[in-house]
Amino acid sequence: MAEEGYARRLRHLLVAPVLRVVLPLSFLGLVIYVLCSQLPAQQQLLQPPECDVAELQLNHTGLRQDPRLHWQGGPALGRSFLHGPQLDNGQLRVQRDGIYRLHIQVTLTNCSSSVKNIVSRRAVLAVGICSPAARSVSLLRLNFHLSCTVSSQRLTYLAHGDTLCTNLTLPLLPSQNSDETFFGVQWVHH
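Report on the accompanying structure. (Residues numbered from 1 in each chain as written. Predicted model: local features only at pLDDT ≥ 70, side-chain atom pairs only at ≥ 80, totals over all residues. Heavy atoms only, no water.)

**Regarding the state of the cysteines**
According to the stated counting rule, one finds 2 disulfides in the structure shown. Each disulfide pairs two cysteine sulfurs, and for Cys111 the partner residue is Cys148, the sulfurs being separated by 2.1 Å. What sets the handedness of the Cys111 and Cys148 disulfide is the S-S torsion sign, and at about -85° it is left-handed. Of this pair, Cys111 sits in the loop between β6 (98-107) and α2 (113-119) while Cys148 sits in the loop between β8 (137-143) and β9 (149-158), and the two are 37 residues apart along the sequence. Neither residue differs from the other here; Cys111 and Cys148 are each classed as buried. One disulfide bridge connects Cys130 with Cys165, the sulfur atoms lying 1.8 Å from each other. Negative torsions about the S-S bond denote left-handed disulfides, and the value of about 45° found for Cys130 with Cys165 makes this one right-handed. Pair noted here: Cys130 is in strand β7 (residues 124-131) and Cys165 is in strand β10 (residues 163-168), with a separation of 35 residues, a long-range link. Numbered by order of appearance in the sequence, the disulfide-linked cysteines of the chain pair as 1-3, 2-4. (Disulfide = S-S within 2.5 Å. Helix = DSSP H or I, 4+ residues; strand = E, 2+ residues; numbered from the N terminus. Buried < 20%, exposed > 50% of the residue type's maximum accessible area, 1.4 Å probe, protein only.)

**Brief notes about the pattern of salt bridges**
Here the structure, examined in full by the defined rule, presents 4 salt bridges. Linking Arg79 and Asp179 is a salt bridge whose minimum nitrogen-to-oxygen distance equals 2.4 Å. Taken together, the positions of Arg79 in the loop between β2 (71-72) and β3 (81-83) and Asp179 in the loop between β10 and β11 (182-189) put the pair 100 residues apart, joining distant regions of the chain. Note on Asp179: relative accessible area 46%, which makes it partly exposed. Of the charged contacts in the structure, one is a salt bridge between Asp88 and Arg93, with a shortest N-O distance of 3.1 Å. On the basis of relative accessible area, Arg93 is assigned to the partly exposed category, the value being 22%. (Salt bridge = Lys/Arg side-chain N within 4 Å of Asp/Glu carboxyl O.)

Don't take any of this as a statement about function, it's just geometry.
In structure tokens, the structure reads:
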């Protein structure tokens, strides 16, 4: 019996310190495992989703010979940017299939009340897919009526490589002020 008591005490003396170290370390290991396995999911939530977006300003260099409006974008221009879409000779080309929110506003220059009655009745702004030719289609057609400004937005499906063109009735001139004339797209769904 004395030997059993001695063996029990010896086991207790040897096992107790091990348990005091092993149990907390095991618990700590479990906590670290759980936290690390959740980290990639949390990182994905913190990262912004991939989103093609563009906000463009008018690139006007003088008298218009072509009904197409030409656009420019980039951080050097202030509030203008391109993330995903590209400019091809001043026209916006999308790089990814999906549903896009398209928006545009155009204000005519020198549009006083007397000019407005004569000129703006026949003034039209049109936005469409102009390339590739097989997908050529009108997306928006806006009449100025008796206004100096038109603006609109819509959701539309665009395919990779679609080039958007904006046409304004000649010889009307759009305002170069980026608060009055702008054009953009935002990818919203695939």
